[in-house]
Amino acid sequence: MKKSSGTKFHRIRIKLFAAILAVMILFMALVTVFSSPLLFRVFASRTYRQLNSVGERINSCFPGSVTYYFDLYSIAINNNVSFEMTDADGILTYVSDNGSSPESSSHFPSSTRSTGDYPSMVNAKSKYSFRKYDNFEIKSKPATNAAYFVYSSVLDTGELLHIYYPVADIESIVSSAVNVYLGMTFALVLAVSVIIFIIVTRFTDPLVEMNDITKDMAALNFERKCGDYGKDEIGELGRSINTLSTALDATLIDLKDKNEQLEKDIERRHALDNARKSFISNVSHELKTPIAIISGYAEGLCEGISDDPEVIREYCQIINDESQKMNSLVVELLELSKLESKSQPFNPVEFDLGQKIASVLSHLSLQFEQNGITVVNNVPSPLMCYAQEEKIEIAIRNYVTNAVSHCSGEKRIELNCADRGECVEISVFNTGENIADADLPELWDSFYRADKAHGRSENRFGLGLSIVKSIMVNHNCKYGVKNVENGVVFTLEVPKDSSYYAEK
């Protein structure tokens, strides 16, 4: 549905049609004003030529012939004129109104008058101008005040000829012609107006539509497109508008995408800044305690706080334990830094994941025994996978040690595997309390500990799951955690063969 581009009187088609119609009406008015004078001038010139021809025919008649007067009368009747002839003394020799017999001539006693009308006529003026000739003028009879075109000439016989033609006849013809013209012009204007309106509409419809489309474009709506308006300039303009609309739409979409990406980058940068500040704060906090303990006990030893060897041994053992904790923290920080910076080469190899898990559980068996934990390993061997063997071992170890730290209730840890197509999913389940939903997304952040009750005495700094996350990201594999009915399950996926990395 086309949109309105303003009131109907402001539309281009109305303006164009009104302009053309105004020109036609002006032309008609001008013709009406000037047609009568022009037609009168034309008919006056035509009358002169006609009377001149009549004069030549009268001059060609032979006075001595038997049909002389009949010929003169015939000329008057056939040309719808009247004329009179006088001799050199002004005596009337013939009047066409009196008939064609010799008795009608003034040479005979029966003639009703002896002098012509011309001497008694006066000059008259017409409301229209006409071309002037020496022997062609307008005269009027005083008795009737009727105006005549008068053509005068001298015949070969020496007689003076005056031919009369009523001016009223010319004026009547001009008036009739003007009326006919006005009627035809009015009908023609009506017919042409309809045709012009149709043409103007066909011409302006594309312009109106393009105007509406450009308004939509200004409002950033690029859905509407111009139709096919042909191969002329209007059609080319429509195609250019479509091209511009498509280009602007694509540019705005691209700009929007880049703007969204920029916003995400800004948010990510803020998040990284916050993470960096939090990381530095956490590292400082984690290092401050062991440094303070080591400094305090070392200062006591230096000041000889006791001579008892057992006390000195205890102080040294505490200093050694705190040093080991600091060393563990530094090792984990270095490992996390290497993983996140991807500074180490990524060299996956094929290995038996089932055997590797069994080895990890064997090394941690003392912890299981000390904590009274039952471990069920349902991962078969051999289970061939393709990944960074030492990194996957670290991830499995961190999952198991995390399970040991949070295992409660039945105190049971269970490892399972499942086929996920291109990967094998390893899950580590431990009985115990569920993790709060608000804490689940935060578990993978550095130094985050959902269970605040567990302290630094267990050498837990909140970096184990962050290391797992970095290892899985580097492998482009999935990882996760979920609460189950009587515990928590941590999962990770390991690719089966090298084709996985080619596809990713």
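Not measured: the values here are computed from a predicted model. (Residues numbered from 1 in each chain as written. Predicted model: local features only at pLDDT ≥ 70, side-chain atom pairs only at ≥ 80, totals over all residues. Heavy atoms only, no water.)

**A short note on the nonpolar core**
Ranked by internal contacts, the top residues of the largest apolar core, which has 42 residues, are Leu353, Ile392, Ile413, Ile426 and Phe490. Those elements that place two or more of their residues in this core are α6 (353-363), β9 (384-387), α8 (389-406), β10 (412-419), β11 (423-431), α9 (464-475) and β13 (487-495). A total of 7 residues in this core trace back to one element, the largest contributor, which is α8. Not counting the four nearest positions on each side in its chain, Ile413 is found in contact with Phe368, Ile373, Thr374, Val375, Val376, Val400, Ala403, Val404, Cys407, Val428, Phe429 and Asn430. Counting 31 residues, the second-largest nonpolar core is a separate cluster that includes Tyr69, Met85, Phe136 and Ile138. (Core = buried A, V, L, I, M, F, W, Y, C linked by side-chain atoms within 4.5 Å. Buried < 20%, exposed > 50% of the residue type's maximum accessible area, 1.4 Å probe, protein only. Helix = DSSP H or I, 4+ residues; strand = E, 2+ residues; numbered from the N terminus. Contact = heavy atoms within 4.5 Å.)

**So, the packing of α8 against α9**
Where α8 contacts α9, the axes come no closer than 9 Å and their chain directions differ by 145°. Judged by the twist between their axes, the crossing of α8 over α9 is left-handed. Packed against α8, whose contacting residues are Lys391, Ile392, Ile394, Ala395, Asn398, Tyr399 and Asn402, the element α9 presents Gly464, Leu465, Ile467, Val468, Ile471, Met472 and His475 at the interface. Taken together, the residues that form the contact of α8 with α9 break down as 9 nonpolar, 4 polar and 1 charged. (Axes fitted to C-alpha atoms, helices over the stretch in contact; angles between N-to-C directions. Left-handed = near helix turned anticlockwise from the far one by under 90°. Nonpolar A, V, L, I, M, F, W, Y, C, P; charged D, E, K, R; others polar.)

**Thoughts on unusual backbone geometry**
Cis rather than trans, the peptide bond between Ser381 and Pro382 has omega equal to 5°. As for its placement among the helices and strands, Pro382 is situated in the loop between β8 (374-377) and β9. For Asn80, which is not a glycine, the phi torsion comes out positive at approximately 55°. Structurally, Asn80 can be placed in the loop between α2 (68-79) and β1 (82-86). Here Asn476, not a glycine, exhibits a phi torsion of approximately 60°, which is positive.

**A closer look at the environment of Thr374**
The topology assignment puts Thr374 in strand β8. Judged by relative accessible area, Thr374 falls into the partly exposed class, the value being 46%. A sequence separation of 38 residues divides Thr374 from Arg412, and the C-alpha atoms of the two residues are 4.7 Å apart.

**What to know about the packing of aromatic side chains**
Counting across every chain of the model gives 11 aromatic pairs. Ring centres 3.7 Å apart and planes at 5° place the aromatic pair Tyr48 and Tyr133 in the stacked group. Remark: Tyr133 occurs in the loop between β3 (122-123) and β4 (136-140) and Tyr48 occurs in helix α1 (residues 12-60); sequence separation between them is 85 residues. (Phe/Tyr/Trp six-rings, centres within 6.5 Å; stacked < 30°, edge-to-face > 60°.)

**Digging into the sheet that holds β4**
Strand order in the open sheet formed by 6 strands is β2-β1-β6-β5-β4-β3, with antiparallel pairing between adjacent strands. Edge positions in the open sheet fall to β2 (92-95) and β3, since each of these has one partner strand only. α2 rests against β1 and β2 of the sheet, and its axis sits at about 140° to β1. (Pairing = 2+ DSSP bridges.)

**A word on helix α3 (residues 167-218)**
The end-to-end C-alpha distance of α3 is 70 Å, a good match for the 76 Å that 52 residues give at a rise of 1.5 Å each. Where α3 bends most, the angle comes to about 35°, and this point is Thr204, followed within four residues by the proline Pro206. Looking one or two residues beyond α3, the residue adopting positive phi is Leu220, at roughly 65°. (Expected span 1.5 Å × (residues − 1). Bend = angle between axes of the 7 residues up to and from the residue.)

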